[in-house]
Amino acid sequence: MASNGETSTGRPVPERDPNDTVPEPVRRVPPTSRAGRAGPMSNAPAGEQPAGSGSPPAATPPRLVHMIGNAHIDPVWLWPWQEGYQEARATFASVIARMGEYDDFVFTCDQMVLLAWVEESDPELFEQIRRRESEGRWVNVGGWWVEPDCNMPLGESFVRQGLYGQRFLLSRFGRSATVGVNLDPFGHSAVLPTILRGQGIDSYLYLRPGPHESDFHRTLLRWQAPDGSSVLAYRVPHEYSTGAGPVDGQVDKALAALDPDLSEVMVLYGVGNHGGGPTQANIESIHRYDRMGSFGRLRMAGPREFFDNAVAGDGIAARSGDLQHHAPGCYSAHSGIKAWQYRAQRALLVAERWAAVTAATDGLPYPREELEGAWKHVLFNQFHDILPGTAIEGAFDDARDQLGAAVTTAKHLTARAHGTIARQVDVPFEPGSQPVLVFNPHTWPVSCDIGLHLGVAPADVVDELGDAVRWQPTQSRAAAAASGRTSLVFRADLPALGYRLYRVRGANGGPSPRTSLVASPTLLENDLVRIELDPRTGWLCSYLDKRTGLDVMAGVDGGTHTQVCADPTDTWGHRVVSYAWPGSPMDVRDVAVRELGPLRARVRVQRAWGASTMTEDLVLDHDSGSLRVDVTLDWHEEAHLLKVRVPTSLDDPRATYEIPFATIQRPVDGAEEPGQGWVDLTGSVAGRPAGLTVLVTNKHGYDISGGTQPSIGITAVRSPVYAWHDPYLLDPDGDYAFQDQGVQRFTYVLLPHAGDLHAADPTRRAQELGMPPRAMLESAHDGPLPPSRSFASDGGGAVMITAVKGSEDPTGGPGGADLVVRAVETLGRAATGVLDLRLLGRRVESPFGPFQLRTFTIPAGSEEPVVELDLVERPLSP
């Protein structure tokens with residue numbers, strides 16, 4: 001296309017760079033004369049040799065430059081995915097054409113979704129790609145479905161990127177990628193070396209952050225994950241794309257930014273973002289500058305040769321931790337895509353667990369293809385311009401639809417599995433009662449509040465033994481009183497990855513249980529904690545844990561709980577270090593008790609600022625030391641942001657963030673940081689260890705700030721212009737769409753502790769918050785299954801199961817799948833994992849190192865031994 005130096009047919013047009021230092025233009029010659037080198041460099045008279053022909057001069061710098069031809073394609077960014085679909089085909093056709101013209105040209109391809117698109121839309125072109133790959137000239141790297149955001153997805157999503165990407169390569173090309181590539185994402189989680197090594201990848205190519213954005217400056221480094229896994233990582237020194245003309249400018253800038261002691265380097269070239277790939281002018285100039293010796297020897301290659309040679313070298317710098325920061329505003333841009341992804345990932349993890357259970361216990365065919373299709377929707381929409389919220393507005397309509405389809409698939413599979421189990425549970429008939437089966441998707445016991453909407457006027461709730469459980473009525477979701485529908489909430493104590501039968505009785509209810517709950521506009525209290533609210537700020541001024549005598553919020557000023565300020569930064573938040581800016585508090589409009597009963601109390605705080613409103617429901621259970629806050633935000637501000645801040649009275653605090661499959665400590669300096677389901681601030685109160693953990697749904701941008709009131713800040717909303725990239729200046733008279741206008745919801749939970757952040761098990765608690773148990777109304781019937789059952793358990797200790805699924809390779813066992821179980825050590829210290837797989841009558845007991853991730857396959861329907869797998873589900877070598 002014209003913008004990439006190509007004609008409308010997709011064929012590159014040779015361009016002349018005005019800065020080209022070679023005086024004579026490239027002469028176009030027939031492809032047959034380009035046997036590994038370009039034709040003559042000029043129209044010099046017969047007998048004269050043009051400058052730069054023949055062998056490089058003796059004075060050529062002693063450097064080998066591996067020229068990596070690529071076509072970084074954003075399948076979505078300033079265009080919809082349908083345009084990216086076409087551009088992949090046009091780009092790959094251009095690449096194949098270049099291979100017919102230059103027999104030393106090598107192309108490097110990542111993002112397997114692009115190959116999948118070409119395979120389905122142009123099978124003939126795909127066969128040419130397969131042939132060139134077999135020759136070693138088409139090099140597949142990355143091994144992931146897309147280049148995703150590398151901080152916000154769940155750890156299981158990173159696993160699935162390579163599971164489906166690498167298996168695609170194995171099935172089409174007979175080999176998987178060994179070099180990881182994430183050129184364009186805006187930061188890289190510390191856990192990625194664990195994931196990469198588990199997928200057969202030993203090296204990594206990335207661009208951001210640059211040396212001016214980070215505390216590390218080496219081009220080549222050995223990057224180590226929290227579990228000790230490591231990869232050899234190379235930071236692209238100057239962009240991944242070039243223009244369509246000569247590459248001298250790219251090489252100049254790259255060499256200037258490289259470690260000066262490297263004798264071999266990689267420089268990427270080719271028209272990118274909207275595709276295009278290497279052009280004839282690119283390739284001709286590589287030949288020309290190689291003959292001239294301008295930069296050393298230039299060799300077109302894939303990255304494997306460079307990394308193989310680098311491994312043999314000495315003195316490679318080591319780096320542990322994550323690779324940050326670039327554009328931290330992307331962790332809070334477009335709240336919708338964050339919430340949709342949060343829900344879809346977890347819905348699929350739940351669905352595959354129950355599908356695996358019913359495959360093993362009932363022989364129900366494991367829905368491998370349905371789950372793969374749904375996961376690929378999720379993985380595609382983790383692309384680094386979709387999940388970060390930096391694409392055009394219309395791209396998020398497509399993302400909403402695709403993620404909605406994934407959730408629909410997950411819910412259907414879950415309902416089918418639950419129905420299969422429920423119809424076999426023995427549910428005796430009892431007049432005037434409604435049986436309820438509650439399913440727990442977690443591999444540890446869960447005690448939680450279950451909300452129901454049903455057609456029985458409740459008088460009592462009992463368990464399978466007839467013992468009363470705590471419950472209370474809540475406001476019906478049906479506004480019409482004539483609907484006959486009522487709502488209630490009750491306490492369910494559930495077995496690990498299992499179910500339990502309860503009944504809602506409509507008559508003969510017993511007396512209401514005694515409760516110690518106290519609720520007023522200024523107080524929430526039970527036997528465990530006393531929480532005081534300041535009516536002026538609508539926020540906490542004391543959080544006393546009666547068990548320890550510690551108050552992590554003694555005397556705090558809740559006036560900083562909400563901070564609204566102007567946000568002049570672009571969609572990405574380029575050049576932002578912190579969003580912990582001074583701001584105006586939202587005005588408190590009302591504080592009122594909305595619910596008080598034997599089970600829980602709820603105080604509602606309503607706020608307003610400008611045209612926006614925020615409602616926070618503060619919920620305290622009768623037997624809990626934690627406070628849940630359900631937030632409904634109706635936002636109508638442009639180019640503003642809202643921080644929801646939790647101030648504390650902690651001294652000497654230190655900050656810990658959950659990241660995928662691990663945790664990481666970061667400075668208490670107000671920097672905007674990415675995080676997963678929880679963040680923690682631990683220090684002391686009156687010289688005694690104390691801390692506060694905050695669990696959060698749907699949000700990923702945080703700061704932890706020091707000062708007289710150390711605080712945890714959640715970036716609740718930003719409303720920049722869609723796809724606005726600094727340094728472009730917005731037209732004061734322009735008509736722009738601003739993000740995040742309207743209603744959104746999220747929840748956060750406060751967990752005070754006595755200095756040990758793991759005492760309350762925040763990783764499991766965050767999982768429970770994001771993947772709540774499901775209740776289903778059931779009818780009375782006979783059945784062979786008991787009223788309560790557990791199918792699998794990890795014991796609730798340091799080692800936590802993260803996935804229970806069917807094998808990707810069909811087997812002859814029940815449901816056509818063996819069982820695959822993945823687990824991770826969560827506390828950062830060695831432990832023994834005990835995986836009790838009751839659905840198969842098997843038990844796996846194995847040691848785990850700190851933050852170690854391990855995957856096992858357990859054959860279904862046989863006593864064959866348990867086998868450990870890599871993350872592509874290949875057996876590990878002994």
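The structure this text deals with has already been given above.
Reading the values: the criteria
- Residues numbered from 1 in each chain as written.
- Predicted model: local features only at pLDDT ≥ 70, side-chain atom pairs only at ≥ 80, totals over all residues.
- Heavy atoms only, no water.
- 1 Å grid on protein atoms, 1.4 Å probe; cavity = no way out; pocket = protein on both sides within 12 Å on 5 of 7 lines; lining within 4 Å.
- Points joined across faces, edges and corners; volume = space filled by probe spheres on them.
- Helix = DSSP H or I, 4+ residues; strand = E, 2+ residues; numbered from the N terminus.
- Nonpolar A, V, L, I, M, F, W, Y, C, P; charged D, E, K, R; others polar.
- Expected span 1.5 Å × (residues − 1).
- Buried < 20%, exposed > 50% of the residue type's maximum accessible area, 1.4 Å probe, protein only.
- Contact = heavy atoms within 4.5 Å.
- Core = buried A, V, L, I, M, F, W, Y, C linked by side-chain atoms within 4.5 Å.

Caption draft 1: Here's a closer look at empty space enclosed by the protein. A full pass over the atoms with the stated rule returns 11 cavities of 30 Å³ or more. The volume enclosed by the largest cavity comes to roughly 290 Å³. In terms of lining, the largest cavity is formed by 26 residues, of which the most central are Leu154, Glu658, Phe661, Gln767 and Met800. Looking at the lining of the largest cavity, the elements with two or more residues in it are α4 (155-173), α9 (335-362), β28 (651-659), β29 (662-666), α12 (762-770), β38 (799-806) and β39 (819-825). For the lining of the largest cavity, the element with the highest residue contribution is α9, accounting for 4 residues. Grouping the constituent residues of the lining of the largest cavity by class yields 13 nonpolar, 8 polar and 5 charged. Quantified by volume, the second largest cavity comes out at close to 120 Å³. Lining the second largest cavity are 17 residues, with Asn70, Ala71, Thr108, Cys109 and Asp110 sitting closest to its centre. Among the elements that line the lining of the second largest cavity, the one with the most residues is strand β2 (residues 107-109), at 3 residues. The residue inventory of the lining of the second largest cavity, partitioned by class, reads 12 nonpolar, 4 polar and 1 charged.

Caption draft 2: Examining helix α10 (residues 368-380) more closely. Along its 13 residues, α10 runs 18 Å from first to last C-alpha, staying within 8% of the 18 Å computed at 1.5 Å per residue. Buried within α10 are the following residues: Arg368, Leu371, Ala374, Trp375, Lys376, Val378, Leu379 and Phe380. On the buried face of α10, the contacting elements are α1 (81-101), α2 (112-121), α4, α9 and α11 (393-422).

Caption draft 3: Molecular detail of the nonpolar core. Membership of the largest hydrophobic core comes to 142 residues, with the highest contact counts inside it found for Met67, Phe92, Leu115 and Trp138. Of all the elements, α9 adds the most residues to this core, at 13 residues. With 54 residues, the next largest nonpolar core counts Leu517, Leu550, Ala601 and Ala716 among its residues.

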